[in-house]
Amino acid sequence: MTRVLVVDDEPQILRALRINLRVREYQVDVAATGTEALAMAARHPPDLVILDLGLPDLDGVEVIQGLRGWTKAPIIVLSGRADSTDKVEALDAGADDYITKPFGVEELLARMRAAVRRTGTAGDQPRIRLGDLIVDLAAKRVIRQAPVPASGGPAGGGPADPAGAEDQPAQADDVRLTPTEWHLLEVLLRNPGKLLSRNQLLTEVWGPGYADATGNLRLYMTQLRRKLEPDPARPRWLITEPGMGYRYQPSPDEDTQA
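Attention in this report is confined to the structure presented alongside it. What you are looking at is a predicted structure, and each value in this text was computed from that prediction instead of being measured.

Regarding the sheet that holds strand β4 (residues 75-79)
Judged by pairing direction, the sheet is parallel, and its 5 strands sit side by side in the order β2-β1-β3-β4-β5 without closing on themselves. The open sheet terminates on both sides in strands that have one partner only, identified here as β2 (27-31) and β5 (97-100). Sheet twist, expressed as the average angle between the axes of neighbouring strands with direction ignored, equals 20 degrees. Where strand β3 (residues 48-51) and β4 come together, 3 bridges link them in parallel fashion. Note on β4: the bridge partner recorded for Val-49 is Ile-75. Sitting on the sheet, helix α1 (residues 11-23) is in contact with β1 (3-7), β2, β3 and β4, with an inclination near 170 degrees to β2. Here helix α2 (residues 34-43) sits on the sheet and contacts β1 and β2; the angle it forms with β2, its principal contact strand, is near 145 degrees.

This is how it looks when you write it as structure tokens:
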């Protein structure tokens, strides 16, 4: 049973989430202050945290930093703060996702499921499928697979050999990525469903001296989409979250592991 810690100073939200999560067989702890949340998490380590930023004693970012000192449990911020600066600050402190109030319970549940699925799986998925692409993280290769056309019939347009209708082996071609494109893609794929801020990606891929180089990030995301997305103008996997950052969003109807 997944243990969830819900931190919010609004009693009605605590009550509603406790009821909704328990009905869905989550084990739920609640806290109304940051101090109480940190103490509760220490006594009963959570598998996932839902956290409001506007707490009466501590700022939610301080709670994130306190939790990140010892746990990798996913943290989903659920806050009335809609300003992009607050969102980026929470993400940079270690939050995994950010939902603005008012919110839909089904959306929150979907984000929770995604966060729980990816926990501890980054090293367990060395091969990830993106449509007709296979990204091999261990071999650092992106392979495009296409079926070999079935063999035709005799010359002159005669009937095809029935054996030609059977599944044929796939042809594979490598998609060439630059080292920077590969590094950026790898960071995104190793955090499926997680919203990564622009600062996080710039620091991870380019280094701490490039925090303001957002033009670099946009350029390389555009290049990755051109190489990997079926329709770069409407990406399926490499998603932009305006004002915040980017995420790799696995398709719900596809296996992420090849």
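Digging into the pattern of salt bridges
Taken as a whole and judged by the stated rule, the model has 19 salt bridges. A salt bridge links Asp-132 to Arg-144; its shortest N-O distance comes to 3.6 Å. Here the residue Asp-132 occupies a position in the loop between β6 (127-130) and β7 (133-136), and Arg-144 occupies one in strand β8 (residues 141-147), the gap between them amounting to 12 residues. Residue class for Asp-132 comes out partly exposed when judged on its relative accessible area of 37%. The network of salt bridges with common partners includes Asp-97, Glu-107, Arg-111, Glu-241 and Arg-247.

What counts and what doesn't
- Residues numbered from 1 in each chain as written.
- Predicted model: local features only at pLDDT ≥ 70, side-chain atom pairs only at ≥ 80, totals over all residues.
- Heavy atoms only, no water.
- Pairing = 2+ DSSP bridges.
- Helix = DSSP H or I, 4+ residues; strand = E, 2+ residues; numbered from the N terminus.
- Axes fitted to C-alpha atoms, helices over the stretch in contact; angles between N-to-C directions.
- Contact = heavy atoms within 4.5 Å.
- Salt bridge = Lys/Arg side-chain N within 4 Å of Asp/Glu carboxyl O.
- Buried < 20%, exposed > 50% of the residue type's maximum accessible area, 1.4 Å probe, protein only.

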